[in-house]
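Reading the structure
Residue strings, one per chain:
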Amino acid sequence: MPVAAERTQPPAAMLLSDETLDARLRRLAESSRVRVERLGHSHEGRPIWAIIIGMAETLERLPYHEAQNHRLAGPRVRFRTLEEFEIGSEGPVPGASQTKVSVLVAGGSFGFEAAHVEALVELAECLATSSEPRVERILERLLIVIIPLMNPDGRAAAIAEWLGSPLAVGHQGSGNAYGFPVNRDFFNLSQLETQAVRVAINRFHPVAAYDPHEDMYHLSHTLPYVCWTPPFARPYHPEIDSRILDCIGRLGGAIAEEWQRRGFNYLYHPEGDHGFLSLFRLGGRLHLDLCLQGVPALITESARRPGSQTWEDRIAQKMTAGLAFLSEVASQSDRYLAARYAVRRDLETPDAFVLPRAANTEGTLASVVEPLLQHQVLVFSATDPEAAYIIPTHQPDGRFVRALLSQAAWNHVALPPQVGATCLRLSALPAEQQTGWWQAQLEPVLSLPIRHHGQADGGVRREGVVIANDAEGIAATNRLLNHGAEVWRVSSGWFGVVGQPRGVVRGVVGEAVSGRAVPDAGDHRIARPRIALYVGQGVDQRHHLLSGSVRFALERLGFPYVPIEAENVRAGELRQFQLLIVPGGWGPEIVYGWEDPEPPWQRPGTRDGLGDEGLRAIYAFVENGGRYLGIGSGGGILASTEFLGLVDSDLVDEMLGEARAFIQVTQGHPLFYGVRSFTDEKGSTIPSRLAVPYYSEPFAGLHGGPIFKAGPHAQVLAEYVAIDDPKSVRESAYFDAEAHTPAILYQPVGRGWAAVFVFEPYLRGVWRSTLPLLANAVFLAGLAP
């Protein structure tokens, strides 16, 4: 019989607030077994804490144990060239018995999965105070690092929502302050929260990790169970070693035994034959990140659907799973040490990725190299046969390197297409081109130099500069505009500045390098519009990450904006602006307000859509000279004939899945100024072809990827022409070149214009290569009508 909904979805007052969590952490810190340290902070400034637990004598010698865990994490590899390298021979056994092996338990990456924090604090309190033999055995062997709350901003947002609507899903707290799912950013490390967790990983070098989660879609709904533990279902990520899978199987089995003793109704199959959760794709998840670096890492899931099980059971499942996980690692620590070391010592076939300096902007290079350095991946520089960064795959983190940089069709999260980098796979190049790279002298890269945002030539008092149209260059351009500089478009599509005081340009752009920018005849001066960003119903809640992507992009690029909602539009406030941006989301919800979720979930408040009055206000704004940028199934559908009619387009389909797609520019337009074409691993480029994210999550009701049919009045500026992984979407035929499916649409309306990007130009804050399209649309809106 189902449990009463209110017992599963606890009143917000029962949840640990910032203040109550801090109080319990202070009490924990009084124990001789505990140190509480701040790893970093969230976007809104909330601390992210680590609870370090061990015997008193272990904590007294903490630096020694940290150093030993670092030494035992894998062999040291020294490269002179890609062909000449040495592998350290010291294995994990000598001295290992004297080392307290580090393990990581971290939770709370999704702020609306509420029971993690309570469970992990309870686990820490048990380890800090209990004298039971099981706990003593754990502490005799392990150094435990618990991060009870990776995403404090998301949790605070969810609690605020539950204070008003106790049975709301809490979508507003699913991601961080920008709506980004923290647990999908551990590859890119673009967010403060993931960077803080990485600090702990790099410091303690855990031999195994456990990350509890909660499910609202399947457990106790489509499946007759309330919790799940690995093994994961097939398929598995091809770069995960079988030895890691074996360790995960042992850990999951230990948790299943514990849950059986506790009487939980759990889903478990020793061979993973359950079809619930696979270990494939899943880009950016913490457990996949660690598995690829040779660390057995697993998650568990508990049902959180109202009425499925009690709040107390949700906590108990994670608490007992944590104890079972720690007991298994403590009893077999040599096994886990040996497995990790063996996986990281198996360097496999030598190969490398090459980032030529001349083929990339400094900002693009940094977008690839900086995350690798944060992960402690070995990166080198070379000057011959040309200046480049080189990342060998025959290193301890080779599997992770391939997972992050390989542009395999199924690898939707490959970093080079996301950031627009020319990243060559050495083994994919012709043999005659490979020789020079194999023999290049390699110099370790420990950090990147201060980046140049442009190329400049200085006179005595004045100077000119040309700035790349990438994320860093756009931000530098906006800083120059803030200082009153005159910025122009030059023939390359980049930005040109001339005649400004040397101190202003040099202070913003950096040290001068070479070249001089003189605006060509016909080039126009850059001006910024006043931007209104719609953040109301229909682009919030489950679509919060899509509107957050645009907010994050505008802030990163340096564009000021004002957030507005439906009431602001109806009140006529658009007349204060020149550009209205409506992010991805769900068009009907923008117009009519929040939909009712599936019972027993409830809406988080009263519906408030634009309505007819709001639609009329937006149309009048554009007709009278305003500019409109609509994105995805939110602003894109809103602009279509179904609602505003700003763009002559009809919705054909949407929510096809998630993939990496390619679009081809079909006609020249200012939206494409300075936008780089996609280059594959062989160095091949098709002019005016761009890689873009196709994104939607049908199972979660997260709309995206609308498929439009353009009418005669709409200008189709770009079309879909290919998709890397046809199996990842429901109807791949839409992406065939013969289908002529619009990807970017544009249409003059009265004295204004409207544009639609079908894809998300800055998805999750990591898809940077299409940021110039967004910036170009903003600068285009700043031009006089």
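Cut-offs used in this document
Residues numbered from 1 in each chain as written. Predicted model: local features only at pLDDT ≥ 70, side-chain atom pairs only at ≥ 80, totals over all residues. Heavy atoms only, no water. Core = buried A, V, L, I, M, F, W, Y, C linked by side-chain atoms within 4.5 Å. Buried < 20%, exposed > 50% of the residue type's maximum accessible area, 1.4 Å probe, protein only. Contact = heavy atoms within 4.5 Å. Helix = DSSP H or I, 4+ residues; strand = E, 2+ residues; numbered from the N terminus. Salt bridge = Lys/Arg side-chain N within 4 Å of Asp/Glu carboxyl O. Expected span 1.5 Å × (residues − 1). Pairing = 2+ DSSP bridges. Axes fitted to C-alpha atoms, helices over the stretch in contact; angles between N-to-C directions. pLDDT = per-residue confidence, 0-100. Phe/Tyr/Trp six-rings, centres within 6.5 Å; stacked < 30°, edge-to-face > 60°. Lys NZ or Arg CZ within 6 Å of the ring centre and 35° of its normal. Parallel < 35°, antiparallel > 145°, perpendicular 65-115°, else oblique. Left-handed = near helix turned anticlockwise from the far one by under 90°. Nonpolar A, V, L, I, M, F, W, Y, C, P; charged D, E, K, R; others polar. Disulfide = S-S within 2.5 Å.

**What to know about the nonpolar core**
It is characteristic of soluble globular proteins that their nonpolar side chains tend to be buried jointly. Among the nonpolar cores identified, the biggest contains 114 residues, and Leu127, Ile144, Ile146, Phe325, Leu326 and Leu405 are the most heavily contacted of them. Residues contacting Ile146, with those up to four places away along its chain left out, are Trp49, Ala50, Ile51, Ile53, Val105, Leu120, Leu123, Ala124 and Leu127. Grouped together as the second largest cluster of nonpolar side chains are 99 residues, Ala566, Trp586, Ile707 and Phe759 included.

**With respect to the environment of Ala710**
Tracing the backbone shows Ala710 in strand β29 (residues 707-710). Residues Ala710 and Glu362 lie 348 residues apart in sequence; the distance between their C-alpha atoms is 38 Å. The contacts of Ala710, once residues within four sequence positions are left out, are Asp648, Ser649, Val716, Pro742 and Leu745.

**Describing the pattern of salt bridges**
Evaluation of the coordinates by the stated rule reveals 43 salt bridges. Residue Arg203 is joined to Glu66 by a salt bridge in which the shortest nitrogen-to-oxygen separation is 3.0 Å. Of this pair, Arg203 sits in helix α8 (residues 192-204) while Glu66 sits in helix α4 (residues 62-71); the two residues are 137 residues apart in sequence, bridging distant segments of the chain. Between Glu258 and Arg261 there is a salt bridge, with its nearest N and O atoms 2.6 Å apart. Of the two residues, Glu258 and Arg261 are both situated in helix α9 (residues 242-262); the distance of three residues between them amounts to about one turn of the helix. On the basis of relative accessible area, Arg261 is assigned to the exposed category, the value being 58%.

**Thoughts on helix α17 (residues 471-482)**
Compared with an ideal rise of 1.5 Å per residue, which puts 12 residues at 16 Å, α17 spans 17 Å between its outermost C-alpha atoms and is within 8% of the ideal. Of all 12 residues that make up α17, 10 are buried, and the element is covered over most of its length. When α17 is considered as a whole, its buried residues turn out to be Ala471, Glu472, Gly473, Ile474, Ala475, Ala476, Thr477, Asn478, Leu480 and Leu481. Positive phi shows up at Gly484, right after α17, with a value of about 85 degrees.

**A short note on the sheet that holds strand β5 (residues 101-106)**
With mixed pairing, the eight strands of this open sheet are ordered in space as β1-β2-β6-β5-β7-β12-β8-β10. Looking at which strands have only one partner, the edges of the open sheet turn out to be β1 (34-41) and β10 (266-267). Where helix α6 (residues 133-141) meets the sheet, its contacts fall on β2 (47-53), β5 and β6 (142-147), and the angle it forms with β6 comes to roughly 100 degrees. Relative to the sheet, α8 contacts β1, β2, β5 and β6, its axis offset from that of β1 by approximately 135 degrees.

**So, the confidence of the model for the chain**
Confidence in the prediction of the chain, expressed as mean pLDDT, is 93, and 94% of residues score 70 or more. Across residues 456-462, confidence stays below pLDDT 50; counting only partners more than four residues off in sequence or on other chains, it has 22 contacts. A low-confidence stretch, residues 511-518 stays under pLDDT 50, and its non-local contacts, those more than four residues away or across chains, total 23 contacts.

**Observations concerning the pairing of β1**
As defined by bridge partners, β1 adjoins β2 across seven bridges and the pair is classed as antiparallel. If you follow Arg35 over to β2, its bridge partner there is Ile52. Between β1 and β2, which pair antiparallel one after the other, the connecting turn spans five residues, and Gly45 there sits at a positive phi close to 90 degrees.

**Focus on the packing of aromatic side chains**
Counting across every chain of the model gives 22 aromatic pairs. With 6.4 Å between their ring centres and 55 degrees between their planes, Trp259 and Tyr266 make a pair best called tilted. The residues Trp259 and Tyr266 share a single accessibility class, namely buried. Three or more aromatic residues joined by ring pairs make a cluster, and in this case those are Tyr178, Phe180, Phe552 and Tyr762. Stacked on the ring of Tyr64, the Lys or Arg Arg61 has its end atom at 4.1 Å from the ring centre. The ring of Phe112 carries Arg304 above its face, with NZ or CZ at 4.3 Å from the centroid.

**Some details on unusual backbone geometry**
Across the junction of Asp384 and Pro385, the peptide omega takes the value 10 degrees, indicating a cis bond. Relative to the helices and strands, Pro385 resides in the loop between β14 (380-382) and β15 (388-392). Here Pro599 and Pro600 are connected by a cis peptide whose omega angle stands at 10 degrees. Its place among the elements puts Pro600 in the loop between α21 (587-592) and α22 (611-623). The residue Ser688 is not glycine, and still its phi comes out positive at about 65 degrees. Within the secondary structure, Ser688 is located in the loop between β27 (658-665) and β28 (689-695). A relative accessible area of 34% places Ser688 in the partly exposed class. The backbone phi angle of His740 is positive, close to 55 degrees, even though this residue is not glycine. For His740, the location among the structural elements is in the loop between β30 (715-723) and β31 (742-749).

**Description of the packing of α9 against helix α12 (residues 333-345)**
Their axes nearest at 9 Å, the elements α9 and α12 cross at an angle of 155 degrees. By the angle between their axes, α9 is roughly antiparallel relative to α12. As for the relative orientation of α9 and α12, their crossing is left-handed in sense. For the pair formed by α9 and α12, the contact residues are Arg243, Ile244, Cys247, Arg250 and Leu251 on the first element and Arg335, Tyr336, Ala339, Ala342 and Val343 on the second. For the contact of α9 with α12, a count of residues per class yields seven nonpolar, no polar and three charged.

**Some details on the environment of Phe112**
Mapping Phe112 onto the fold places it in the loop between β5 and α5 (115-129). The buried category is assigned to Phe112, whose relative accessible area is 8%. When the C-alpha atoms of Phe112 and Gly170 are compared, they prove to be 5.3 Å apart, with 58 residues separating the residues in sequence. Excluding residues within four positions of it along the chain, Phe112 makes contact with Ala158, Trp162, Val169, Gly170, His171, Gly173, Ser174, Met216 and Arg304.

**Some remarks on the state of the cysteines**
Applying the stated rule across the entire model yields zero disulfides. Between Cys227, a free cysteine, and Cys126, which holds the nearest cysteine sulfur, the sulfur-to-sulfur gap is 19 Å. Here Cys291 is not cross-linked by a disulfide; its sulfur's nearest cysteine counterpart is in Cys247, at 9.7 Å.

**Comments concerning the pairing of β30**
Taken across its nine residues, β30 has seven buried, putting it largely inside the fold. Across five bridges, β27 lies against β30 in antiparallel orientation. Looking across to β30, one finds that Ile663 is bridged to Tyr720. The sheet contact formed by β30 and β31 spans four bridges and is antiparallel. Counterpart to Val716 in the pairing with β31 is Leu745.

**Let's talk about the sheet that holds β27**
Sheet architecture is open: nine strands sit in the order β23-β22-β24-β25-β32-β31-β30-β27-β28, paired in mixed fashion. Only two strands of the sheet have a single neighbouring strand rather than two, namely β23 (562-564) and β28. Taking the axes of each pair of neighbouring strands and ignoring which way they run, one obtains an average angle of 25 degrees across the sheet. Note that strand β22 (residues 531-534) and strand β24 (residues 579-582) share three bridges and pair parallel. Bridge pairing in β24 links Leu533 to Ile581. Strand contacts of helix α23 (residues 632-639): β24, β25 (627-631) and β32 (752-757), with the helix running at about 130 degrees to β25, the strand carrying the most contacts.

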